Amino acid sequence: MKLDLNVKMTQEQRLIMTQNMQQSIKLLQMSLHDLREYIGNEYSENPVLEANEEYNSYENETKEIKEIDHKKIAEEFYEDYRDNTEKFYSKEDETSPLNFIEKSVSLKEFLQEQLGELKKDPYIINICKYIIESLDAKGYLEIGINEIAEELSIPQKDAEEALEIVQDLEPFGIGARNIKECLLIQSEKLNILDNVMEEMINNHLENIASNKYDLVGKSLKISPREAQRYGDAIKKLEPKPSRGFYTGDEVNYIIPDAEIKNIDGEFFIIMNEGVLPKLTISKTYKQVLENNQDEQTSAYVKDKINQAMFLIKSIEQRKNTLYKVLECLLVKQEEFFLKGKEFIKPLTLKEVADDIKMHESTVSRAVKDKYVLTSFGTIKIKSLFAAGVNNSNQDMATLQIKNVIKKVIGEENKNKPLSDQAISEILAKDNMKISRRTVAKYREELGIKSSSMRKRV
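Below or above, wherever it landed, is the structure these notes cover. (Residues numbered from 1 in each chain as written. Predicted model: local features only at pLDDT ≥ 70, side-chain atom pairs only at ≥ 80, totals over all residues. Heavy atoms only, no water.)

Counting its regular elements, the protein chain contains 22 helices and eight strands. Evaluated residue by residue, the protein chain yields a buried proportion of 43% over its 457 residues. Residue pairs at least 24 apart in sequence account for 66% of intrachain contacts in the protein chain once pairs closer than 6 positions are excluded. If you sum the accessible surface of the protein chain, you get close to 26700 Å²; carbon and sulfur atoms cover 47% of it. (Helix = DSSP H or I, 4+ residues; strand = E, 2+ residues; numbered from the N terminus. Buried < 20%, exposed > 50% of the residue type's maximum accessible area, 1.4 Å probe, protein only. Contact = heavy atoms within 4.5 Å. Areas by Shrake-Rupley, 256 points an atom, 1.4 Å probe, with all protein chains shown as cover.)

Quick look at the structure:
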């Protein structure tokens, strides 16, 4: 019997999605409010962390908020803080005032738990975890598969395989790139997807919303009654798969990450660091690491110190990334900072990302749920990325179009109010080509009634 002993060398690709990597992503996209709660939790669980004592004095904290024009918010926060501390905290016990009150079930935690039960390649599971951290508040994937592949330096087919796994999780529709894909996924999982349903979702959602089943039926060569039956089934699907889960959008009070101040014609970015505790590493535990001979104790302390150091580094990195984005926005949206909201220009995440040499997804995470105090009030940073409407020559910012609609309606004959179609035609004359349906959408977002409701009797 002949035995062949061969040595084979194989190359295997691995992606280690460490807890540190996940933590860094989470911190970058957290609001300042959520970041404070997260730091509180880490502080209570990691004994090597020390927090600046000034943070424990709530008077100092509210003073910082008042200085950035948030008096009312600070007062409301103080009432919540006082009520909670009277119930859960006293000077006699050792509970930290940084401890946070338990929140609702997190969507991302729920998805991560499901991943843990799957018997899949850890390499693919780690990509899944990254995708889950990239979901927006609705449960949609807000960055492209190609971007994920580029960020993680992996083949695009691996990212696509991971996305399929995420889209197979509950609630159905999670990880969709748009509403059509969301509804298609749900239909498939509920075993109601056929060729007619797929065609209606892909091409007739607007007609279904308007109950135009005659048109739908004619297009699909089915009766209006049959078209309505399908339409009713589609309307029962969930366009926001994250509904019912905590997603981070439910912020109780707004604390801006920064203030952009105009001093004698020059703009300054002032990061609002006063509402966060200044974290340091305990000297006592450093000495334990240096002097202790017990390997198990040393390994535990070393692990906790590494976790603490990465947390401190990630908080600083979050601040620096946001500062770079704000610096770019100051240049790109200078007219807004000088004159107000009507002068916000069309701007995409990609333009800013290219300027500051970062991934578009990094910029998206950096501005998510972040606010900045300006001369024109506290605004969501994301509002400075004005969506555009395609024009023959340029992109017209949605906000600018809304202002024109508001102006046109303000100047109309109140005895004969303009219809949405008439407004669409007026805008077209000024090279703003948007449909009647889009006019209606913008009008409703402005809180303006329909022409029949605006007519004076």
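Further remarks concern helix α21 (residues 436–445). Buried within α21 we find Val439, Ala440, Tyr442 and Arg443. Down the axis of α21, the buried side of the element spans an arc of 170 degrees, and every buried residue falls inside it. After α21 finishes, the residue glycine 447 shows a positive phi value of roughly 80 degrees. (Arc of directions from axis to C-beta.)

Inspection of the entire model under this criterion finds 21 salt bridges. Salt-bridge contacts for lysine 319 lead to glutamate 316; the nearest nitrogen and oxygen are separated by 3.1 Å. Here glutamate 316 and lysine 319 lie together in helix α15 (residues 295–332), a separation of three residues that amounts to about one turn. The salt bridge partner of glutamate 411 is lysine 407, with a shortest N-O separation of 3.2 Å. Taken as a pair, glutamate 411 and lysine 407 share a single burial class, namely exposed. Within this structure, Glu273, Glu316 and Lys319 form a network of salt bridges that share partners. (Salt bridge = Lys/Arg side-chain N within 4 Å of Asp/Glu carboxyl O.)

Turning our attention to the pairing of strand β3 (residues 266–271). Side chains Phe267, Ile269 and Met271 of β3 all project onto a buried face; the interleaved residues Glu266, Phe268 and Ile270 project onto a face where none is buried. Looking at chain direction, strand β2 (residues 258–263) and β3 are connected through six bridges and run antiparallel. Paired with asparagine 262 across the two strands is phenylalanine 267, which belongs to β3. Connecting β2 to the antiparallel partner β3 that follows it, the hairpin turn spans two residues, and aspartate 264 within it adopts a positive phi of roughly 55 degrees. (Pairing = 2+ DSSP bridges.)

What follows covers the environment of phenylalanine 268. Locating phenylalanine 268 in the fold gives a position in strand β3. Taking the C-alpha atoms as reference, phenylalanine 268 lies 9.4 Å from leucine 330; in sequence the two are 62 residues apart. Sequence-distant contacts of phenylalanine 268, defined by excluding residues within four places in its chain, comprise Glu259, Ile260, Lys261 and Ile263.

What follows covers the pairing of β2. In the sheet, β2 pairs with strand β5 (residues 371–374) via two bridges, with the strands oriented parallel. Each residue of the ladder has a partner; that of glutamate 259, found in β5, is leucine 373.

With that settled, consider a nonpolar patch on the surface. Judged by side-chain polarity, Ile263, Phe268 and Ile270 come together as a nonpolar surface patch covering roughly 240 Å² of accessible area. Within the element layout of this structure, isoleucine 263 appears in strand β2. (Patch = residues over 30% accessible without salt bridge, like charges linked within 9 Å, V, L, I, M, F, W, Y side chains within 5 Å.)

Looking now at the packing of helix α9 (residues 179–189) against helix α10 (residues 195–203). If you want to describe how two helices pack, look at the angle between their axes and the distance between the axes. For the pair α9 and α10, the least separation of the axes is 9 Å and the interaxial angle reads 160 degrees. Between α9 and α10, the interaxial angle falls into the category roughly antiparallel. Crossing of α9 against α10: the hand is right-handed. Note on element contacts: α10 touches α9 through Met197, Glu198, Ile201 and Asn202, opposite Lys180, Leu183, Leu184 and Ser187. Taken together, the residues of the contact of α9 with α10 sort by class into four nonpolar, two polar and two charged. (Axes fitted to C-alpha atoms, helices over the stretch in contact; angles between N-to-C directions. Parallel < 35°, antiparallel > 145°, perpendicular 65-115°, else oblique. Left-handed = near helix turned anticlockwise from the far one by under 90°. Nonpolar A, V, L, I, M, F, W, Y, C, P; charged D, E, K, R; others polar.)

Another point: the packing of aromatic side chains. Describing an aromatic ring pair means giving the distance of the ring centres and the angle of the ring planes. Enumeration according to the criterion identifies three aromatic pairs in this entry. Each ring, one from phenylalanine 336 and one from phenylalanine 337, has its centre 4.9 Å from the other, and the planes form 65 degrees; the classification is edge-to-face. For phenylalanine 337, a relative accessible area of 4% gives the class buried. Relative to phenylalanine 376, the ring of phenylalanine 336 has its centre 5.8 Å away and its plane inclined at 50 degrees; by these criteria the two rings are tilted. (Phe/Tyr/Trp six-rings, centres within 6.5 Å; stacked < 30°, edge-to-face > 60°.)

Take the sheet that holds strand β6 (residues 377–380) next. Reading across the sheet, the four strands line up as β3-β2-β5-β6 and stay open at both edges, with mixed pairing between neighbours. Both outer strands of the open sheet, β3 and β6, are each paired with one neighbouring strand and no more. Direction aside, the axes of adjacent strands within the sheet are offset by 25 degrees on average. Running over the sheet, α15 touches β2 and β3 and is turned about 160 degrees from β3.

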